[in-house]
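Descriptive structure summary
Residues per chain are reported as follows:
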Amino acid sequence: MKLYIKAIVFIILIQLFVVNLSAQEITKNIEEMTREEILNIPYDELIELPLEQLLKLADIVGVSLEELYEMILNKDIVAASKTEESSFESPLSTTVISGDELRNAGATSIPDALRMAPGIIVREKTPGNYDVHIRGNDNLPDNHMLLYSENSLSLIMIDNMPVYNYGHGGTFWELFPIDVNDIDRIEVIRGPASALYGPNAASGAINIVTLKPEKENLGVTADIQYGTPSTTIANGSVSFVPNNKLSVRLSGNYQKRERWNDDFYVWKYAGDVVNTSFESGYYDRTDEVFTMLNPGTGIAYGDSSFDIITNPEVSIDKYGVNAFLYYTLNEDANFSVHAGHQNSTALTTIIGDGSVPLTQRLSESDFLNFNGNMYGFTTQLSYNWGYHNVENTTPGMEHDIKDLSFSLEYDFNKIKNLSIRPGISYKDSKYTDLPYASKELPTDELVLFNAENQINALAFSLRLDYTVFEKLRLIAAMRHDTYLNPDQKKLSYQFVGSYKINDKNMLRAVYSRAHRAPFMADTYAEYYYPKAVSGDRTVTTVTFFGNEDVELFETDMFELGYRMKPVKNIQASIEAFYNKGQNYGYYKVDTVRATYFADNVYGVPTVVPNLIGLRYGNLDMVSKQMGLTIEIDWVVSQKFIVSMFETWQKTVLDNYFPYSPDRLAQLMLADVANLEYVGITSYPIIHPVTGQQIDAVSGVIMQNGNPTTTTQDSVTHKSTPTFYGGGNIIYKPIDKIDINLGFYHYGKQTFNNKNASIDINSKNIFNLKLNYKFYNENAVYVNVRNLLGNKDNEFAFTDEIGRLVMLGLKVDF
């Protein structure tokens, strides 16, 4: 297979080189262009220009030809230091993906576009629904619910507005009202960044910067794609720039994608459902397997439960609408307002327990976001509200949200090369499920909270940036978060040193600490979940209780980086990092209550649990992650550009506790279950250790009974691939044709869950977009994702991800 892949790539490259190399000059009158107009030339137009025109542009801008290459290789970034600077001089591990780059590459969504950045693991669960992690550390702790595979360690922002799920932690990508055609650039920071952006940036931060209209008067764009299997992706926008102070943009997007397969994975052992008549694997929803799994309750996947999943052949169905307003008062004062609405249905992995790992997630929400830059003050104010149903196949997972975010920072003028940036921020999140507690459910308590709960925090921050001398730069950033509800405090910090050896070489070192915020489910859950036990005379209830006193997860990182430009058209970087994570939280067994049946339907004495109580708490486990990332950007010519990146990493766990909650419950009942083997035949029975009475009437209750077991050290964590990476090849044989070949790959992984362990095979993904501009920026194109058609699952217990072939039309006038 590897030889086959190499052959395919080689053939494509040969074909690219033999195409006519002639170019057409752009029609713009370069001599009349201003410096600002030149700096705003789109990336794809700039690299098309012949040498003589590039020299003229360089002369107007007042730079050398080498510096003009720098403009191509080195896009400005704000996220790393909160001040605009080139990515080459950025003090942190950063990547900028321009909107033109991701659209030219054929990215179908924002997570899909993140495969263009090094250090990010992107796996597609079902068509259009993704799992995204910065540098891994995913599925920790393992041997538990699928909840812990969600990325709750990375902070995602839209125009500096945090977009985060405070119910269970993590990012629901389908909730974004924007899409790829709304993006000016994506700024990625790898490594802890809570000192800059607040909690939840424990593994890094991603800021999505939206487009600002630049066309005078009226501008209209539309982009629509259609392909297999029954995939429709549409984007459109209208912009208006009446004068040099005001600009307005309206946009909308729609996406609907169907699955490659119709069946669903079923766990042989899910919670307390025991049945030996089938094996774990994929089953059609009409199969009798689904009927035997507690049909009709709405809890497990029986026939009636599938009525809850509307259109189970659809993986994602969403739309979003947006309005952007930008106003510039003068060179020292400007602001923007963004309003958006989204409605989405996604077939994705479950949060808790269930017989089938897939569920539907439903959402409808709105938001307002204000950003202002006024005479040194930078402010961000946003409000997000709406409805979420995070697991439609499980009762009690509906709630309404209200989320407020505010920050204010001030840039002092530099005092002898010292920049001082103090700040204050406030966060308030409210989740309530009271409107849904009155529905007809198996019990009155079958909602997650049965309350309106709140997490709010006040934070103060300070950033110092000192240029000791021309080549040496020192940065210190600190942030203190005080959580008012629950009552906790956390300090995040970051220390950076960069040394610019010369214009072509730079060294940097980073030490930082970051943390994760409290979540609603971890803090306030009071959830009673009845589950039938097949073949027995009782119902097991699993309870989930939150804990306001749990220590918050935190991570420390040390990183060394080196950037170089060996020649004018090549830029390379290498970053070595070491992360240490601790204070992992999870739902662990707190209480077990059981009934002893002397002679049940199995014909032997049996202990059946009536209640398994889970309470959120901390693990002593520590994760240690070591890794190395290499990135190379090469402008071969004005028509041919290559970028490549690769990450190697290893995660090792100390104080690793290998037991799932179900296994812990079994261990707690082990003594009771083994009584039959010590010759006890009379009832009632007095437990020889606890002195508790056991019989068919009164049950046994064990509290805080986790057995003493030996934890394990130096355990290799296999849910994160040890290597992953990709790149892009851009070729423009003539002015009207763009050819973009993208590739992404990851190594083999072993995913451990409380119900099963499964291997995820390594996968090589090639994407190809052929674009033909028939008039100015108007174009038709072919967009192929997963060119080789490898249907292997990219995530555990989910769908096949096959070849997606789409025809597209872009209109721009």
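Please read these numbers as outputs of a predicted model, since none were measured by experiment. (Residues numbered from 1 in each chain as written. Predicted model: local features only at pLDDT ≥ 70, side-chain atom pairs only at ≥ 80, totals over all residues. Heavy atoms only, no water.)

Moving on to the overall build of the chain. Each helix and strand counted, the chain has twelve helices and 45 strands in total. A total of 813 residues make up the chain; the buried ones form 58% of that total. For the chain, contacts bridging at least 24 residues in sequence account for 65% of all contacts bridging at least 6. When the accessible surface of the chain is split by element, carbon and sulfur atoms take 56% of a total near 32,300 Å². (Helix = DSSP H or I, 4+ residues; strand = E, 2+ residues; numbered from the N terminus. Buried < 20%, exposed > 50% of the residue type's maximum accessible area, 1.4 Å probe, protein only. Contact = heavy atoms within 4.5 Å. Areas by Shrake-Rupley, 256 points an atom, 1.4 Å probe, with all protein chains shown as cover.)

Moving on, we come to the nonpolar core. Among the nonpolar cores identified, the biggest contains 50 residues, and Tyr148, Tyr527, Phe544, Tyr587, Leu614 and Met621 are the most heavily contacted of them. The biggest single contributor to this core is strand β31 (residues 585–597), with four residues. If we ignore the near neighbours within four places in the chain, the residues touching Tyr527 are Thr394, Pro395, Met397, Leu446, Val447, Leu448, Val542, Thr543 and Phe544. (Core = buried A, V, L, I, M, F, W, Y, C linked by side-chain atoms within 4.5 Å.)

A separate point is the pattern of salt bridges. Tallied over the full model, the rule gives 32 salt bridges. Residue Glu554 pairs with Arg513 through a salt bridge whose shortest N-O separation is 3.7 Å. Placement of the pair is Glu554 in strand β29 (residues 554–567) and Arg513 in strand β26 (residues 505–515), with a sequence separation of 41 residues. Residue Arg513 pairs with Asp556 through a salt bridge whose shortest N-O separation is 2.8 Å. Residue Arg513 is located in strand β26, and its partner Asp556 is located in strand β29; the two are separated by 43 residues in the primary sequence. We classify Asp556 as buried; its relative accessible area is 10%. Overlapping salt bridges bring together Arg135, Arg190, Arg508, Glu559 and Glu575 as one network. (Salt bridge = Lys/Arg side-chain N within 4 Å of Asp/Glu carboxyl O.)

Ordered by their spatial adjacency, five strands build an open sheet running β3-β8-β9-β6-β7, and the pairing between neighbours is mixed. The open sheet terminates on both sides in strands that have one partner only, identified here as β3 (93–98) and β7 (161–162). Relative to strand β9 (residues 204–210), strand β8 (residues 183–190) is paired through seven bridges, and the arrangement is antiparallel. Bridge assignment links Ile186 to a residue of β9, and that residue is Ile208. (Pairing = 2+ DSSP bridges.)

Moving on: the packing of aromatic side chains. Evaluation of the coordinates by the stated rule reveals 24 aromatic pairs. Relative to Phe176, the ring of Trp173 lies with its centre 5.3 Å away and its plane at 45°, an arrangement referred to as tilted. Each member of the pair, Trp173 as well as Phe176, is classed as buried. Between the aromatic rings of Phe751 and Phe797, the centroid separation amounts to 6.0 Å while the plane-to-plane angle is 85°, which identifies the pairing as edge-to-face. Separated by 46 residues along the polypeptide, Phe751 in strand β41 (residues 749–752) and Phe797 in the loop between β44 (778–785) and β45 (804–812) bring together distant segments of the chain. (Phe/Tyr/Trp six-rings, centres within 6.5 Å; stacked < 30°, edge-to-face > 60°.)

Turning next to the environment of Gly727. Looking at the element boundaries, Gly727 is found in strand β39 (residues 723–734). Once the C-alpha coordinates of Gly727 and Tyr744 are considered, the two residues, 17 residues apart in sequence, prove to be 6.6 Å apart. Ignoring anything within four residues of it in the chain, the contact list for Gly727 reads Ser643, Met644, Phe645, Leu741, Gly742 and Phe743.

By the element assignment, Asp112 lies in helix α7 (residues 110–113). Looking at Asp112, its side chain comes within polar contact range of the main-chain nitrogen of Thr108, at 3.0 Å. Those residues in contact with Asp112, other than ones at most four positions away along the chain, are Gly106, Ala107, Tyr130 and Arg785. (Polar contact = N/O pair within 3.5 Å; in protein donor to acceptor, adjacent residues only side chain to side chain.)

Let us now look at a nonpolar patch on the surface. A surface patch of nonpolar side chains, about 630 Å² in accessible area, is lined by Ile574, Ile630, Ile632, Trp634, Val636, Met644, Trp648 and Phe723. When residues of the nonpolar patch are assigned to their parent elements, the largest contribution, four residues, is made by strand β33 (residues 622–637). With respect to the secondary-structure elements, Met644 resides in strand β34 (residues 640–654). (Patch = residues over 30% accessible without salt bridge, like charges linked within 9 Å, V, L, I, M, F, W, Y side chains within 5 Å.)

Another point: unusual backbone geometry. In this model, Leu140 is joined to Pro141 through a cis peptide bond whose omega is -5°. Examined against the element boundaries, Pro141 turns out to sit in the loop between β5 (129–134) and β6 (154–158). Here the bond from Thr228 into Pro229 is cis, since omega is -10°, no more than 30 degrees from zero. Looking at where Pro229 falls in the secondary structure, it is placed in the loop between β10 (217–227) and β11 (231–241). In this structure, Asn137 is a non-glycine residue whose phi angle is positive, near 55°. Looking at where Asn137 falls in the secondary structure, it is placed in the loop between β5 and β6. A relative accessible area of 13% means that Asn137 is categorised as buried. Of note, Asn160 is a non-glycine position whose phi angle comes to about 70°, a positive value. One can find Asn160 in the loop between β6 and β7.

The subject of this paragraph is the side chain of Ser623. Structurally, the position occupied by Ser623 is in strand β33. Here Tyr584 takes part through its side chain, which lies 2.7 Å from a polar atom of the side chain of Ser623. Setting aside chain neighbours within four positions, we find Ser623 in contact with Asn137, Leu140, Asn579, Lys580, Gly581, Tyr584, Thr651, Val652 and Leu653.

With that settled, consider the environment of Leu807. Structurally, Leu807 is set in strand β45. Spatially, the C-alpha atoms of Leu807 and Ile224 are 8.4 Å apart, while their sequence positions differ by 583 residues. If we ignore the near neighbours within four places in the chain, the residues touching Leu807 are Ile224, Gln225, Tyr226, Tyr781 and Val782.

Okay, the environment of Ile632 next. The topology assignment puts Ile632 in strand β33. Here the alpha-carbon distance between Ile632 and Lys565, two residues 67 residues apart in the chain, equals 9.8 Å. If we ignore the near neighbours within four places in the chain, the residues touching Ile632 are Ile570, Gln571, Ala572, Val642, Ser643 and Met644.

Put simply, side chains in a regular strand alternate between the two faces of the sheet. Side-chain alternation along β11 places Thr231, Ile233, Asn235, Ser237, Ser239 and Val241 on a buried face and Thr232, Ala234, Gly236, Val238 and Phe240 on a face that remains uncovered. As paired elements, β10 and β11 share eleven bridges and run antiparallel to each other. Looking across to β11, one finds that Tyr226 is bridged to Thr232. Counted between consecutive antiparallel strands, the loop separating β10 from β11 contains three residues, among which Ser230 sits at a positive phi close to 50°. Looking at chain direction, β11 and strand β12 (residues 246–258) are connected through nine bridges and run antiparallel. Its bridge partner lying in β12, Ser237 is registered against Ser251. The antiparallel hairpin formed by β11 and β12 contains four residues in its connecting segment.

Quick look at the confidence of the model for the chain now. Confidence in the prediction for the chain averages 82 pLDDT; 76% of positions are at 70 or higher. This stretch, residues 270–275, has a pLDDT under 50; its non-local contacts, to residues over four places away or in other chains, come to 22 contacts. Across residues 673–691 the pLDDT falls below 50, and counting only partners more than four positions away or on other chains, this stretch makes 24 contacts in the model. (pLDDT = per-residue confidence, 0-100.)

Attention now moves to the pairing of β33. Here strand β30 (residues 570–582) pairs with β33 via twelve bridges, running antiparallel. From the neighbouring strand, Gln571 faces β33, where its bridge partner is Asp633. Direction of pairing for β33 relative to β34: antiparallel, over a ladder of 15 bridges. Bridging across to β34, Ile632 finds its partner in Met644. What sits between the antiparallel neighbours β33 and β34 is a turn of two residues.

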